[in-house]
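This is what each chain is made of:
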Amino acid sequence: MQSQGSPVDLYKSTEFFKLGSFDCAPRCRVKRTENLIPILSSFNMVSIMARLRHKFQSAKNPYISADAVNLEDFPCWSKSKKEIFEQLMFTGGFYNIYYMNETEMIRNCIKVVSAYTADNPVSAAKLAINGRKRGFMRSLPILAVSFLSHTQNQQVKKKAFVDAFRGIIITPRDLIDFIDITRGFRGLGRMIKREINRYIKNVLKSRYAEFYAMKYKRHLSIAIKLAHPKSNNPLVDYILNKVSIDDIDNSLYPQLYAFEEYKSKETPDINDYVNLIERFKLEMQTLIGTHKPTERIWEALIPQMSAMQLIKNLASLERHIGGNKLTSIIKNQLSIERLNKGRVLPFRILQAYKMLKYWKLKRILGNIADDYAIQYDWSNLGKVCIAPDISASMGCRIAQRKVIGHNKYKKIRQVIPSEIAGIMTGILALGLPDSILLPWDQVAFQLKKRNKDSVYLQVERNRKIQKKKRKVRYSVTSIANFIFNATGCGTFMEAPIEYLLKDQINVDTCILITDSEEWGLGLLNTWIKYLNFVNKTANLVLIRIDPYPTNPFQPDKASDYNITQIYGWSTRVFRILENLNF
């Protein structure tokens, strides 16, 4: 949102005198009008005047050049189109968040993505592919592919669409989402249908053909009817319901034949079911919804589950199988390598950890979370202050609507920002033994660490403690749970810097994990003081987990202030930190 008039006019405007700006309780966004000024308490008026004096008395106040305000009406700076587009590729989606509802988010995403893909198709394609493959995001990269299909007048733009389509559209579900979005704006032209045909042919030839035909039969049917691919593959007739599985040679598709046999049993025999699952390696995604699984069926399905399926269904498995039995089954099923290969976001581990009850199962997930800290070498950062945001907006549930019928929707909770901040803080804290932990909202406080041993010694000590006392003294999950449960009040981004400045604590790198919607005295002024009075070579890293289109600093002077910004929720963030060279 652009500010009206000059920055000085902004400070004098009635919008700047916000009711409740200095309250400790979480605030909702309200429309602010001039009639609120007379009812301000004397305490708030004194605070506001002190705040204004602080801004005007500063000879080198960087906020004078602010050209925008954030969603808390605090002065900030606008971003370039490229930066906003990149941010959405790694943090955006079609969901309700603290400062935007679903409709506002969709409108904002469409506006940004349509403009950038039209002007910079090659760059947009590269950023969208990175968002899908490295950021593990779906919705916004698929939206980018849809808008890239509009710009087909030049050969360069056609190539950008083709590259993006082949890099982002991975599963038939991705394909149908792309088709639905594109048909909402325009028709499907020849170029699009050609790529859909190519995709369908590749799917039918791949080793996943039977799985896709079982799980995504409806999706593939829609795509085939739209694109009309020329193919003699009998799977096409099966997907279109032109033939039954009995009309196809079962030696060609034994897994598909077993799947149809599983569905057709009216008087189920558990032994037959288990035999089919184990013999033909039927997967959970294809079978759930056909018959209600029993304990033995769940046990048979576990070896065929992907890492994401296993993490998401651990709580259900614990209820059906029992904690002790499940522990022995999945002991060797989960590992950091398998989670990374399955593109599982780290916060999923914390979500599953909180849902489990049996301590041995929790220990397995806790050990995996600890293993993340061993994967990276952050020695290039020097002495580090890790400062996670625990303000009220970080505790807001990000949710999206799922259509369950005509004009009927169900809200699905996807993630809570404090879960992301918590798991990131835990991994960084364990991986940086000499780091300082400063959670903050309106004020910062130091979270004392038990020891400063190397990450390897800490992980080994935690596992020995678990075996003896069933309790982790200092681990990723214990820190993550603390951050998740410590959600507080307002967003004063200067709070951790003020803490360091007050006690003259010298750090080489300060990492803030935040949604950046500040409304305190301003991060930038305090950071400049820290550079001037404590450590002029210190670096500030902002890990942004929000899709909001403003910056709390001047983008063109970020290098002058030693500020680096990283967007995303995936392990990409840790790799970027590992490769930073200040």
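Anything mentioned here points back to the structure above.
Cut-offs applied
- Residues numbered from 1 in each chain as written.
- Predicted model: local features only at pLDDT ≥ 70, side-chain atom pairs only at ≥ 80, totals over all residues.
- Heavy atoms only, no water.
- Helix = DSSP H or I, 4+ residues; strand = E, 2+ residues; numbered from the N terminus.
- Buried < 20%, exposed > 50% of the residue type's maximum accessible area, 1.4 Å probe, protein only.
- Contact = heavy atoms within 4.5 Å.
- Areas by Shrake-Rupley, 256 points an atom, 1.4 Å probe, with all protein chains shown as cover.
- Pairing = 2+ DSSP bridges.
- Phe/Tyr/Trp six-rings, centres within 6.5 Å; stacked < 30°, edge-to-face > 60°.
- Lys NZ or Arg CZ within 6 Å of the ring centre and 35° of its normal.

### With respect to the overall build of the protein
So, step 1. Each helix and strand in the protein was counted, giving 28 helices and 10 strands.
So, step 2. Sorting the 582 residues of the protein into buried and exposed places 57% on the buried side.
So, step 3. Long-range pairs, those at least 24 residues apart, make up 72% of the contacts in the protein with a sequence separation of at least 6.
So, step 4. Per element, the accessible surface of the protein, about 26,800 Å² overall, is 49% carbon and sulfur.

### Brief notes about the side chain of asparagine 197
So, step 1. Note that asparagine 197 resides in helix α9 (residues 190-205).
So, step 2. Judged by relative accessible area, asparagine 197 falls into the buried class, the value being 18%.
So, step 3. Not counting residues up to four positions away in its chain, the partners in contact with asparagine 197 are Ala227, His228 and Pro229.

### Quick look at the environment of arginine 343
So, step 1. With respect to the secondary-structure elements, arginine 343 resides in the loop between α20 (336-341) and α21 (347-355).
So, step 2. Note on arginine 343: relative accessible area 32%, which makes it partly exposed.
So, step 3. Leave out the neighbours within four places in its chain, and arginine 343 touches Arg132, Lys133, Phe136, Ile170 and Met308.

### A closer look at the sheet that holds strand β9 (residues 550-551)
So, step 1. If you trace the 3 strands from one edge of the open sheet to the other, you get β1-β2-β9, paired in antiparallel fashion. Looking at the sheet topology across the chains shown, the edges are occupied by β1 (68-69) and β9.
So, step 2. Of the pairings in the sheet, the one linking β1 to strand β2 (residues 75-78) comprises 2 bridges and is antiparallel in character. Across the sheet, valine 69 pairs through a bridge with proline 75, a residue of β2.

### Overview of the packing of aromatic side chains
So, step 1. Taken as a whole and judged by the stated rule, the model has 22 aromatic pairs.
So, step 2. Measuring from ring centre to ring centre gives 5.2 Å for phenylalanine 492 and tryptophan 519, while their planes differ by 85°; the resulting arrangement is edge-to-face. Here the residue phenylalanine 492 occupies a position in the loop between α25 (476-485) and α26 (495-502), and tryptophan 519 occupies one in the loop between β7 (509-514) and α27 (523-533), the gap between them amounting to 27 residues.
So, step 3. Among the residues examined, phenylalanine 492 registers a relative accessible area of 13% and is labelled buried.
So, step 4. By the ring-pair criterion, three or more aromatic residues cluster together here, those being Tyr208, Phe211, Tyr212 and Tyr216.
So, step 5. It is lysine 217 that lies over the ring of tyrosine 238; its NZ or CZ is 4.3 Å from the centre.
So, step 6. One residue, lysine 362, lies across the ring of tyrosine 353, its end atom 4.1 Å from the ring centre.

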